[in-house]
Structures are given as structure tokens and as C-alpha cells.
Amino acid sequence: MPIPGPTADPDRVRRRARGLRRVGTTTRRTATAAAAAALLLGAGYAHMLPSVSGPASDAVEHPSDDHPQSPANAPTATDQPAQTTSGAS
């Protein structure tokens, strides 16, 4: 008398193994495409950043709050009354 229980059908085993290989292949391709897209987007965004002129070292002088720069066009006096805008309606 045979022992009751699941029998290993070779066709089922092969189909399962084939399905697992397909899922693994699809996962690897998706991960590769996502990594390539992330690299391309990162390179594109880095290209869009404003570039810094001059050497990138600590010796570069930066304007500080101790020495404010004067505006390009100084304000001029006018004969017109001042205009104000309030938030009330």
C-alpha cells in the first residue's frame, strides 16, 4: 500500500524552478535599471547646480558680515508720498 501524501511531480518542480528563475531575472533587471536611472538623474541634477568659479580650497576669501558691500544702485530721494499696503480688506 502506497504512503498517502504529496508526490513530487517533476513537471511541477520544473515549472516552479523556471518561475523562480524568471522572478529572479526580472528582479535583477529592475534593480539594475533603477540604479542606472538614479545615476543618470544624479548626474543631471549635479550638472544643473551652479558652478563655483575659482579654486575649491580653504584659502578663498568669502565676503563676511564684517564688511558689507554697498548696493549697486543707491536709493534716491523722490517727491512722491510713501505707499503702504495693509492686509486688511
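Position labels on residues start from 1 in each chain and follow its written sequence. A pLDDT threshold of at least 70 governs which residues receive local features in this predicted model, and a stricter bar of 80 or more applies before side-chain atom pairs are shown or counted, although totals over entire chains, interfaces and linings include all residues. Side-chain metrics in this entry use all non-hydrogen atoms of the structure; hydrogen atoms and water are not considered.

Trainee: How should I be thinking about the overall build of the protein in this particular structure?
Mentor: The helix count covers DSSP runs of H or I at least four residues long, the strand count covers runs of E at least two residues long, and both are numbered beginning at the N terminus. When its secondary structure is counted, the protein shows 1 helix and 0 strands. Throughout this description, buried means an accessible area under 20% of the type-specific maximum (1.4 Å probe, protein chains only), exposed means over 50%, and partly exposed covers the range between. Here the protein holds 89 residues, and 0% of them are scored as buried. Per-residue and other accessible areas follow the Shrake-Rupley method at a 1.4 Å probe size, with only the shown protein chains counted as cover for residues. Here the protein displays about 9400 Å² of accessible surface, and carbon together with sulfur accounts for 58% of that area.

Trainee: Which parts of the structure should I look at to understand the pattern of salt bridges?
Mentor: Two side chains of opposite charge can pair, provided their charged atoms sit close to one another. Salt bridge criterion: a side-chain nitrogen from Lys or Arg within 4 Å of a carboxyl oxygen from Asp or Glu. As enumerated under the stated definition, the model contains 1 salt bridge in all. Its salt-bridge partner being D11, residue R15 comes within 3.7 Å of it at the nearest N-O pair. Of the two residues, R15 and D11 are both situated in helix α1 (residues 10–48); the distance of 4 residues between them amounts to about one turn of the helix. The class for R15 is partly exposed, based on a relative accessible area of 46%. Judged by its relative accessible area of 38%, D11 falls in the partly exposed class.

Trainee: Honestly, a nonpolar patch on the surface in this entry has me stumped. Any pointers?
Mentor: Residues L41, Y45 and M48 make up a contiguous nonpolar surface patch of roughly 390 Å² in combined accessible area. Relative to the elements of secondary structure, L41 occurs in helix α1. The patches reported here contain residues having more than 30% relative accessible area and no salt bridge. Joining distances are 9 Å for like charges and 5 Å for nonpolar side chains (Val, Leu, Ile, Met, Phe, Trp, Tyr).

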